[in-house]
There are 2 protein chains.
Amino acid sequence: MTALQSPFARKLGAFVTLSTLELSVLERLHSRRRTFVAGRDISHEGQTDQAAYILASGWVCSYKLLTNGSRQIVDFQIPGDFLGLRSVLLRTADHNIEPVTLIEASEVPVKDLMETFDATPRLGAAVLWAASRDEAMVVEHLVGLGRRDARERMAHFLLELSARLKLVGLATADGYACPLSQYLLADALGLSAVHVNRVLRELREMGLVTFQNGQVTFQDFDGLVALADFDTAYLDHEGPLMP
Amino acid sequence: MTALQSPFARKLGAFVTLSTLELSVLERLHSRRRTFVAGRDISHEGQTDQAAYILASGWVCSYKLLTNGSRQIVDFQIPGDFLGLRSVLLRTADHNIEPVTLIEASEVPVKDLMETFDATPRLGAAVLWAASRDEAMVVEHLVGLGRRDARERMAHFLLELSARLKLVGLATADGYACPLSQYLLADALGLSAVHVNRVLRELREMGLVTFQNGQVTFQDFDGLVALADFDTAYLDHEGPLMP
DNA sequence: TGCAAAAACTGACGGAGATCAGTGTGGCGA
DNA sequence: TCGCCACACTGATCTCCGTCAGTTTTTGCA
């Protein structure tokens, strides 16, 4: 049963029990598999007629550019996450989407999405719920940018990723593989790359985490949680409201 | 026809033409009118069994508190806006909601919301679309916190409010009434109240805007737009995707 | 109408983080 | 296997904004 293996089904399955029918509908959504190379944007701000995608493997970032040349990464998507759902609903993309690594994603045409909502309302509710959870993460990110200092921000970010990756089996209690450069971290955390480097060194010297060679390793998980004021409440809500 | 007068109908009506049936359903959603005094929270992080509300008059803010005592306001709601929709979908509130002024709001029980989705799918789509638009505003706020300096942030904020208030007839080209204290502005913009005061003075001395006695008045709208790098694209999307 | 309390406002000072201007290093395409 | 380019890393300096410690003005209410 490959649907059970897909990170998307795995994520939803952690919150709702899916029937065999629902699993097979999920499977069907995965039929238009496509790959994209790292660095070349999948979609641009202002573009219309966007498709949505479900990410099967690899990492992606969503960002906005300012006219002064700086950019702000809004969030990263990891396997099992939806891509560009808001752009579909608004008919126009309000941000850019760039694969950070080589990725595999399943295109989900609007029509299929609507039909899924119709045919299996429970799956529709699950998708809506997953979207709300993603929005809660954006809100938490916003709070961090507004009211946490650089160290707390970094600590919080690494912990959030850990929680998200665990859900799809891509992280252990010890750590995880992370393909993000310090430039990407800087654009996500609202810092300069120089300062990201210093903060990472600090956390390492404090014996909390190391981030080296694309590998995040927790040295003192609880210490990091305390530093970041990390509370998983915004991540582990109950499952979707079922029709 | 009072439904046409309601800010919510007015907002949706700016993007979709509503049938008489739809207007009357909208009217029905407004039946459980309640008032709340300023300062006493309507809902708290972690609370379950939340109701959603449609704001009829007054201003509200949604915020999160950190354990270090600081707070970050995620967004303000003005008449016509939905309140606590995400909290309903997640079953648990992920933020606090506080009326900034005395407000009137219509409680929308989950059941009614679901029935509306069923009976008038076009209205359901409109609500979903409005929610996506709100999320786009949160994203733009996040970008500002990450990559704009204090002046740009303030300018952008005042302009966004102007655009939103115009839509429900609460602002003119010249300005609008704004009940927000400098402390509230500070918590929204990720600044200290002291610095908010300085920035406001600067903008006034630059001849761009004044914010005095609860009144925002534009002196040089285009200059402010240029300073803020303000692009309304994220606010004026096409109307909802209709079933 | 009078006085607390909240909000607006100000100057002096300090610090977190940006910017500048580099050096080191590992991966990969020619 | 050489050289290039992206990325990691570092010290020195500057600046935006926070904090502190007030004063003044406005508001609400007794």
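What you see is a predicted model, and the numbers here were worked out from it, not measured in a lab. (Residues numbered from 1 in each chain as written. Chains lettered and ligands numbered in written order. Predicted model: local features only at pLDDT ≥ 70, side-chain atom pairs only at ≥ 80, totals over all residues. Heavy atoms only, no water.)

**Q** What am I meant to see in the pattern of salt bridges here?
**A** Opposite charge on two side chains permits pairing when their charged atoms draw close. Scanning the entire structure with this criterion turns up 32 salt bridges over all chains. Where Glu238 of chain B meets Arg91 of chain A, a salt bridge forms, and the shortest distance between an N and an O atom there is 3.3 Å. Taken together, the residues span two chains, with Glu238 of chain B in the segment after helix 10 (221-228) and Arg91 of chain A in the loop between helix 4 (85-90) and strand 6 (96-99). For Glu238 of chain B, a relative accessible area of 36% translates into the label partly exposed. (Salt bridge = Lys/Arg side-chain N within 4 Å of Asp/Glu carboxyl O. Helix = DSSP H or I, 4+ residues; strand = E, 2+ residues; numbered from the N terminus. Buried < 20%, exposed > 50% of the residue type's maximum accessible area, 1.4 Å probe, protein only.)

**Q** How should the sheet that holds strand 4 (residues 71-77) of chain B be read in this particular structure?
**A** Two orientations exist for strands paired in a sheet by backbone hydrogen bonds: parallel and antiparallel. The 3 strands are arranged 4-3-6 (chain B) in an open sheet whose pairing can be described as antiparallel. Of all the strands in the sheet, just strand 4 and strand 6 (96-99) of chain B have a single pairing partner and so form its edges. Averaged over all adjacent pairs, the angle separating strand axes in this sheet is 30°, with direction ignored. With 6 bridges joining them, strand 3 (residues 60-65) of chain B and strand 4 of chain B adopt antiparallel strand pairing. When the bridges of strand 4 of chain B are listed, Leu65 of chain B appears paired with Arg71 of chain B. Strands strand 3 and strand 4 of chain B of the sheet are contacted by helix 6 (residues 121-147) of chain A, whose axis makes an angle of about 125° with strand 4 of chain B. (Pairing = 2+ DSSP bridges. Axes fitted to C-alpha atoms, helices over the stretch in contact; angles between N-to-C directions. Contact = heavy atoms within 4.5 Å.)

**Q** Explain the packing of aromatic side chains to me, please; I cannot follow it from the model alone.
**A** Each aromatic ring pair is described using two quantities: the centre-to-centre distance and the angle formed by the ring planes. In this structure the tally under the stated criterion is 14 aromatic pairs over all chains. Aromatic pair Phe15 of chain B and Trp129 of chain B: ring centres 4.5 Å apart, planes at 55°, arrangement tilted. With Phe15 of chain B in the loop between helix 2 (7-13) and helix 3 (20-29) and Trp129 of chain B in helix 6 (residues 121-147), this pair connects stretches of sequence that are 114 residues apart. Among the aromatic residues, those joined into a cluster by ring pairs are Tyr176, Phe218 and Phe221 of chain A. The lysine or arginine in question, Arg71 of chain A, covers the ring of Tyr63 of chain A, its NZ or CZ lying 4.7 Å from the ring centre. (Phe/Tyr/Trp six-rings, centres within 6.5 Å; stacked < 30°, edge-to-face > 60°. Lys NZ or Arg CZ within 6 Å of the ring centre and 35° of its normal.)

**Q** Just checking my understanding: could you explain unusual backbone geometry for this structure?
**A** Phi is positive for Asp229 of chain A, which is not a glycine, with a value near 55°. Mapping Asp229 of chain A onto the fold places it in the segment after helix 10 (221-228).

**Q** Is there a simple way to explain the environment of Leu83 of chain B in this structure?
**A** All names here are of chain B. With respect to the helices and strands, Leu83 occurs in strand 5 (residues 82-83). Spatially, the C-alpha atoms of Leu83 and Ala186 are 22 Å apart, while their sequence positions differ by 103 residues. Setting aside anything within four residues of it in sequence, one finds Leu83 in contact with Ile42, Ala51, Ala52, Tyr53, Leu55, Val60, Gln77 and Ile97.

**Q** Looking at this structure, I do not really get the interface of chain B and chain A. What am I missing?
**A** Interface size, as often reported, equals the accessible area lost upon joining of the parts. Facing the 46 residues of chain B at the interface are 46 residues of chain A. Carbon and sulfur atoms supply 62% of the area buried between chain B and chain A, which totals about 4400 Å² over both sides. Interface area lost by chain B to chain A is led by Leu142, Arg147 and Leu241 of chain B, which between them contribute 18%. At the boundary of chain B with chain A, the tally comes to 8 salt bridges. Between Glu140 of chain A and Lys64 of chain B there is a salt bridge; the shortest N-O distance is 2.5 Å. If you look at where chain B meets chain A, you find 18 residue pairs in polar contact (both at pLDDT 80 or more). At the level of elements, strand 4, helix 4 (85-90), helix 5 (110-119), helix 6 and helix 8 (182-189) of chain B are the ones that each hand at least two residues to the side of chain B that touches chain A. No other element matches helix 6 of chain B, which puts 15 residues into the side of chain B that touches chain A. (Buried area = accessible area lost by both parts, 1.4 Å probe. Polar contact = N/O pair within 3.5 Å; in protein donor to acceptor, adjacent residues only side chain to side chain.)

**Q** Explain the protein's contact with DNA strand C to me, please; I cannot follow it from the model alone.
**A** Every one of the 14 residues lining DNA strand C counts as a neighbour, but Ala150, Ser192 and Arg198 of chain A together with Gln182 and Arg201 of chain B are closest to it. Backbone atoms, meaning sugar and phosphate, make up 74% of the atoms of DNA strand C lying within 4 Å of the protein. Within the contact set of DNA strand C, a phosphate oxygen lies 2.9 Å away from a side-chain nitrogen or oxygen of Ser192 of chain A. A distance of 3.3 Å separates a sugar or linking oxygen of DNA strand C from a polar side-chain atom of Asn197 of chain B. Counting only elements with at least two residues in the surface near DNA strand C, the list comes to helix 9 (193-205) of chain A together with helix 9 (193-205) of chain B. Of the residues contributing to the surface near DNA strand C, the split by class is 4 nonpolar, 6 polar and 4 charged. (Near = heavy atom within 4 Å. Nonpolar A, V, L, I, M, F, W, Y, C, P; charged D, E, K, R; others polar.)

**Q** How should I be thinking about the protein's contact with DNA strand D in this particular structure?
**A** Near DNA strand D lie 14 residues; those nearest to it are Gln182 and Arg201 of chain A together with Ala150, Leu191 and His195 of chain B. Atoms of DNA strand D within 4 Å of the protein: sugar and phosphate make up 64%, bases the balance. A distance of 2.7 Å separates a phosphate oxygen of DNA strand D from a polar side-chain atom of Gln182 of chain A. Ser192 of chain B places a polar side-chain atom, nitrogen or oxygen, 3.0 Å from a phosphate oxygen of DNA strand D. Take the surface near DNA strand D: its biggest share by element is 4 residues, from helix 9 of chain A. Among the residues making up the surface near DNA strand D, the classes are represented as 4 nonpolar, 6 polar and 4 charged.

**Q** Could you clarify how one ought to interpret helix 6 of chain A in this entry?
**A** Since one α-helical turn is 3.6 residues long, residues separated by three or four positions face the same way. Look at helix 6 of chain A: 39 Å from first C-alpha to last across 27 residues, which is about the 39 Å you get at 1.5 Å a residue. Counting buried residues in helix 6 of chain A gives 23 out of 27 residues, a clear majority hidden from the surface. (Expected span 1.5 Å × (residues − 1).)

**Q** How should the domain arrangement of chain A be read in this particular structure?
**A** Residues and elements named next belong to chain A. Under the domain assignment, chain A is made up of domain 1 (7-134) and domain 2 (136-235). If you average the C-alpha positions of domain 1 and of domain 2, the two centres end up 23 Å apart. In this assembly, 22 residues from domain 1 lie in contact with 22 residues from domain 2. Both faces considered, domain 1 and domain 2 share a buried interface measuring about 2000 Å² in area, 64% of it formed by carbon and sulfur atoms. For the domain 1 face of the interface with domain 2, the top three residues by lost area are Trp59, Phe76 and Arg133, together amounting to 35%. Remark: the boundary between domain 1 and domain 2 carries 14 residue pairs in polar contact (both at pLDDT 80 or more). For the side of domain 1 that touches domain 2, the secondary structure elements donating two or more residues are helix 2 (7-13), strand 4 (71-77) and helix 6. A per-element tally of the side of domain 1 that touches domain 2 places strand 4 first, with 7 residues. (Domains from an automatic or database assignment.)

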